[in-house]
Amino acid sequence: MAGETILSVNDLRVRFRTLDGAVEAVKGINLHIDAGETVAVVGESGSGKSQTMMAAMSLLASNGEATGVVDYRGKNLLTLGKSELNKVRGVKISMIFQEPMTSLDPLYTIGNQLMEPIRRHRGLDAKAARVEALRLLELVKIPDPERRLKSYPHEMSGGQRQRVMIAMALANDPDILIADEPTTALDVTIQAQILMLLAELQRKLGMAIVFITHDLGIVRRFADRVYVMRSGEVVEEGKADELFANPQHDYTKMLLAAEPTGRKAAPPDNAPILLEGRNVEVEFKIGGGFLAGPPMLLKAVDHISVMLKRNQTIGIVGESGSGKSTLGRALLRLLPSEGSIRFGGQDLSKADKSTMRPLRRELQLVFQDPFGSLSPRMTVGQIITEGLLVHEPSLSGKQRDARAVEALLEVGLDPAARNRYPHEFSGGQRQRIAIARAMILKPKVVVLDEPTSALDRSVQKQIVELLRKLQADHDLSYLFISHDLAVVRAMSDYIIVMKQGKIVEEGPTEEIFGDPREAYTKTLMAAAIDETKFRQSA
Amino acid sequence: MFVYVIRRLLTAIPTLFVIVTMAFFLIRIAPGGPFNQERGLSPEIKANLEAQFGLGDPLWLQYVNYLKNLLHGNFGPSYNLPDFTVTELFAKGLPISIQLGFSALALALFVGGILGIVAALNQNKLGDYSVIALATAGSTIPTFVIAPVIQLLFGLTWKLLPIGGWGDGALINKIGPILTLSLPQIAIVARLMRGSMIESLRSNHIRTARALGLSDWSVVVKHALRGAVLPIVSYAGPAAAALLTGSIIVETIFAIPGVGRYFVDAALNRDYTLVMGTVVVIALFTIAFNLIVDILYAFFDPRVRYD
Amino acid sequence: MTDTAIAAPVVGRSLWADAWARLKANKAAMFSLFYLIAMSVVCIVGPYFVPHQYTTIYADYVRTPPSLSSYPKPEMIETAMNDAVRRMRVDVKEWRQEGERVFITVTSAKPLDERNIRYLDRSDTFDNAKLDSTSADGLTAVMSASIKQQYFLFGTDNTGRDLLSRTLMAGRISLAIGLLAGVVAVVIGVVYGATAGFMGGKTDEVMMRIVDVLYSLPFIFFVIMLVVFFGRNFVLMFLAVGAVLWLDMARIVRGQALSIRRQEYVQAAEALGVRSRGIVLRHVIPNLLGPVVIYMTLLVPQVIILESFLSFLGLGVQEPMTSWGVLISAGAKNIGTANWLLLFPAFFLVSTLFALNFIGDGLRDALDPKDR
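Residues numbered from 1 in each chain as written. Chains lettered and ligands numbered in written order. Predicted model: local features only at pLDDT ≥ 70, side-chain atom pairs only at ≥ 80, totals over all residues.

Visitor: I'd love a proper account of the overall build of chain B, names of residues and values included.
Guide: Tallying secondary structure elements over chain B gives 12 helices and zero strands in all. C-alpha atoms of chain B, sized along the principal axes, occupy 85 × 60 × 30 Å. Counting only residues that meet the buried cut, chain B has 41% of its 307 residues in that class. In chain B, of all internal contacts separated by at least 6 residues, the share reaching a separation of at least 24 is 72%. (Helix = DSSP H or I, 4+ residues; strand = E, 2+ residues; numbered from the N terminus. Buried ≥ 20, exposed ≤ 12 C-beta atoms within 10 Å, placed from the backbone. Contact = placed C-beta atoms within 7 Å.)

Below you can see the structure in the form of structure tokens.
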């Protein structure tokens, strides 16, 4: 399928001037794209994979500078004049981005934005461009394209906007489509649709696709060839199946092994029930107020019952807006809710703040974003021991410090770090700090709200392993909230699938994954199943 | 949209009412009165005048009467300039203040806008630094320094402009006041424009436009500028209200017969009706321009919906 | 866990330390900081070193232009002498200057009174007047006086007061008022805004509605009403001005408090069971300090401008007490005849405002580096 080489990158270097001096993001890499093939550039955050392609398209931020050669059919794109460059950009090579919500101009209609590149590069008049725009919307399977031409981006969903982006990128029949993490910001089911669409369009139109991604699942399913990047260098390249079967470089091996594996055994049937929610309901008011009429009521959690036993991990799965995080917070009584909630035989439904306070140490929460959940002005030691001030006020400063050391060691951090500040740590280290803050209180139940979603795969695996070890050591019960099926499968023994505030399906992990009954669960699984299968084999 | 405008106009009425009430009682509980300043008026004349203007009535009755008159568009007579009604004073002075204020605002939006765009497109280069320096100077130096310095340089040293006076609205008499009024505004607009333009240029949809190979003109003007104008629009509303109702500094220094001077003079002389008139005019301008801003906003940004 | 595992904790760099390092690297801000300190020191101690009182009127030196050399200038000696002699109601027969002293021979129709020499001493130009000799008939006398060497580096004003000492005194007042009213505004604004932001809900809505109403009253109306109420007592008045300027601060603090409350680290603290007090002390206040500090540096120049503005209108500081606004107002009225009266105070005011501005910008960059 692959033809002649149409794009070749030689000794590309990208530097950024920053307040702390120059930073080299890409350190002299070579790669090439052949006509019609699918190439994946894989790496974790900070590997320079995106900046490589940004440099090739002359889209670097104003403090960035690229040297080397990016050769497209004999022209060096790095030295091309603006007008010459614009005969390649958006025409021969086009690009779609990770952020479908913000990548379209919010002030113009879809039609206007779609027709602009067509008119500019093909010189069509408005009428012809409109016909062409319609054809493109149909091509990317947007329902009701006539009407959509007049819509503004904010009136469309993320998946639809990404389709519009693809339509714009394909407007001038390019040789190469660069897709920079095109599905990362989307829900799983939408991800699958967008990827299928890209594959189908490639069959139809024959352009080469460059996937910039951290997701090995995409690489495995779609790529012919792979470049693995780490800290600005290509560490390994090769045919996709060969590379997966026989990785050479340690980093590639580590990446491939970075998928969370293993299964969690269910607790014995007679294990005591720790936390129980019956018919839990949470409503949010939207809008309303002075002169704006009565507020709209949104049922974020709609009659949900959960039973969490000792040493059990319940995975709560769902797409964004399904109410899974709200459920987790409601069960901890951090949000007002209807229905009954019991913890260790005590009814919490009516418990107020001061009744809840002594119970807080047993019911802990770990957040998704390790950057937002640590107070930036406190030292790590202060952050970890804050709970002790509340629950063990008799401890002396020295004793608290000793407990902090203990907790840091337990989560695998150097206790010498306790006088440092959160911004001095990486994402994974910060998440460990957040876990230490929960663990120092020796809780019984921990709600883990997407604790690994903001982290790179290799770090995810470490955090999953840490959480497992802590569970085994302390007989913990977890409520594991995530949209990532692979991680959920590795962590939980029971799964609840949620959609729009309701439970769609629930059951033991292997049953749900092995034999999903509901249609929604099936799509969810189908979207992720290839990855998961691949993970099992890897 | 229409319904929204109507609703906004209706909510403006209580706001206006609160402002009028607060201003009325504030000025009335202030010590002193219109006729017991250093006038040397005999007690009889004073009593006479006070009776004539109904100042002897209970305060609440005066308040009710004032509101009644106001509803009929009658601001009452000026106590200190007894030959004029407040309406006449405004009819004379307001056009002058509006002329100067509007010219200054237009100049500021135009020059400031262009400077801001130039700075944003040349971020961290010489052009940018010059605009920043100018903007810093413009927003730091107070008008009561700018105005005499303009007089000193253009009026006395180079003899290009008259030192002051309205000169029946001759263009040359307006240059100094307009310059003084607009310099700080130019600085603020340039700064705002630079900031919002830089942010706009950094946004993801600009990256998309560049990736599609659109021309610089389209990227900068069609996509970046339209989004960047929004903060300027919301700034221009209150600024217009303040500028069009006159500036005491400029009118005092350049001896311009606008309405900006009335406020301070009237408040100090307890010219109750004139103070109230000024408050009402300023409040009306403020409310009107805030409404205009909101309507313009909806025009510039399709995400804003009023219903 | 062994004892060796508990390494001595490494001291981290707090955000404050980072900000300070960034501020130190900002040349404009550091220079401005030193300039502002120098300006404050000069204004505070300067008046003790200037040989003139800011209230002293030198009748001989009305509207004297600034000069680095001393006064009187040679041509001024005769004028001053003639003035003094005229007050004695005698005539000058001849006079000569020998070094630092003048020798005057005067004649009179009536016998000369010895006390007449006090007129020479009273003149701002001479002192140490002596009656050297009197003729036998008492109608002619030789008197001598030394010429008083005086420096008026900034010149003098309309009534003959030294502008340098007045400018420095004015600086004291303007800076003190800026600080005073600034602190008042910050305190009120922070307390009000933090309360509204923290209480949330209905309380917040009502409190912010009040702020909105106050905003819609013309600002100058407020200030004038305060002048009217408090008279021209400037300390009281500027406490009141501070009390007017708190509105912006209240809005900023409320917005920040609301956004901090929504931060995950506050939710995390709530999940730990931390009481409201702990959340305010450990989470809200430390994170609020940055914006407050930045806004305060913006507020002080605002207050100084406001003070100058009011003084310019004659509503603020009253003569003979002075402030930069008072001086600039006088200068603006005399630009035709004595432009230094405008230029010196204007330079002091504007350069101080610039310095405050650069410090504010520097602090913002240092505390909030994202927003370059």
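Now that the structure is up, let's keep going.
Visitor: Can you explain the interface of chain C and chain A? Please cite residues and give values.
Guide: Across the contact, 27 residues belong to chain C and 34 residues belong to chain A. Elements with a minimum of two residues in the side of chain C that touches chain A: helix 10 (264-271) and helix 11 (276-312) of chain C. For the side of chain C that touches chain A, the element with the highest residue contribution is helix 10 of chain C, accounting for six residues. Looking at side-chain class alone, the side of chain C that touches chain A contains 16 nonpolar, seven polar and four charged residues. (Nonpolar A, V, L, I, M, F, W, Y, C, P; charged D, E, K, R; others polar.)

Visitor: How would you sum up the nonpolar core? Please name residues and give values.
Guide: The biggest cluster of nonpolar side chains holds 318 residues, and the ones touching the most others in it are Ala167, Ile176, Val210, Leu331 and Leu479 of chain A together with Ile328 of chain C. Setting aside its immediate chain neighbours within four residues, Ala167 of chain A contacts Leu114, Leu136, Leu137, Leu139 and Val140 of chain A. Of all hydrophobic cores here, the second largest spans 18 residues; its members include Ala84, Leu112, Ala129 and Ala145 of chain C. (Core = buried A, V, L, I, M, F, W, Y, C linked by C-beta atoms within 7 Å.)

Visitor: For the pairing of strand 3 (residues 126-134) of chain C, give the residues involved together with the corresponding values.
Guide: Sheet topology places strand 3 of chain C next to strand 4 (residues 140-147) of chain C; six bridges connect them, and they run antiparallel. Directly across from Leu131 of chain C, in strand 4 of chain C, lies its bridge partner Met143 of chain C. (Pairing = 2+ DSSP bridges.)

Visitor: Can you tell me about the pairing of strand 13 (residues 313-317) of chain A, naming the residues and giving the values?
Guide: Residues and elements named next belong to chain A. Of all five residues that make up strand 13, five are buried, and the element is covered over most of its length. Here strand 13 shows no split at all, with Thr313, Gly315 and Val317 on one side and Ile314 and Ile316 on the other all buried. Bridge analysis of strand 13 against strand 18 (residues 477-482) gives five bridges, and the strand direction is parallel. What sits directly across from Ile314, in strand 18, is Leu479. The pairing of strand 13 with strand 19 (residues 494-499) spans four bridges and is parallel. Bridged to Gly315 within strand 19 is Ile495.

Visitor: Explain the packing of helix 3 (residues 110-122) of chain A against helix 4 (residues 126-139) of chain A to me, and be specific about the residues and the numbers.
Guide: Residues and elements named next belong to chain A. At their nearest, the axes of helix 3 and helix 4 sit 9 Å apart, and the two run at 115° to each other. It follows that helix 3 is roughly perpendicular to helix 4 by the angle criterion. Considering how the two elements wind past one another, helix 3 and helix 4 form a crossing that is right-handed. The segment helix 3 lies against helix 4, with Gly111, Leu114, Met115, Ile118 and Arg119 engaging Ala126, Ala129, Arg130, Glu132, Ala133 and Leu136. Among the residues making up the contact of helix 3 with helix 4, the classes are represented as seven nonpolar, one polar and three charged. (Axes fitted to C-alpha atoms, helices over the stretch in contact; angles between N-to-C directions. Parallel < 35°, antiparallel > 145°, perpendicular 65-115°, else oblique. Left-handed = near helix turned anticlockwise from the far one by under 90°.)

Visitor: Describe the interface of chain B and chain A, with residues and values.
Guide: Contact residues are listed per partner, giving 21 residues for chain B and 26 residues for chain A. Looking at the side of chain B that touches chain A, the elements that each hand over two or more residues are helix 8 (204-211) and helix 9 (216-244) of chain B. The residue makeup of the side of chain B that touches chain A, split by class, is four nonpolar, 11 polar and six charged.

Visitor: Please provide a residue-by-residue account of the environment of Ala283 of chain B, values included.
Guide: Tracing the sequence through the fold places Ala283 of chain B in helix 12 (residues 272-300). For the pair formed by Ala283 of chain B and Ile19 of chain B, sequence separation is 264 residues and the distance between their alpha carbons is 7.7 Å.

Visitor: I'd love a proper account of the sheet that holds strand 13 of chain A, names of residues and values included.
Guide: Residue and element names in this part refer to chain A. In spatial order, the strands read 16-17-18-13-19-20; together these six strands make up an open sheet with mixed pairing. Looking at which strands have only one partner, the edges of the open sheet turn out to be strand 16 (363-366) and strand 20 (502-508). Averaged over all neighbouring strand pairs, the angle between strand axes comes to 15°, with direction disregarded.

Visitor: Any chance you could break down the sheet that holds strand 2 (residues 101-107) of chain C for me, citing the residues and the numbers?
Guide: All names here are of chain C. Pairing in this open sheet of four strands is antiparallel, and the strands run 1-2-4-3 from one edge to the other. The open sheet terminates on both sides in strands that have one partner only, identified here as strand 1 (91-98) and strand 3. Direction aside, neighbouring strands of the sheet carry axes that sit 20° apart on average. As defined by bridge partners, strand 1 adjoins strand 2 across seven bridges and the pair is classed as antiparallel. Bridging across to strand 2, Glu94 finds its partner in Thr105. With respect to the sheet, helix 3 (residues 74-87) is in contact with strand 1, strand 2 and strand 4, its orientation differing from that of strand 2 by roughly 40°.

Visitor: Please give an account of the environment of Ala271 of chain C that cites residues and values.
Guide: Following the sequence through the fold, Ala271 of chain C ends up in helix 10. Here Ala271 of chain C falls in the buried class, since 24 other C-beta atoms lie within 10 Å of it. Each residue touching Ala271 of chain C, except ones within four places of it in the same chain, is listed here: Leu332, Leu334, Arg360, Gln364 and Leu365 of chain A.

Note that all results are geometric; they support no functional claim without further evidence.
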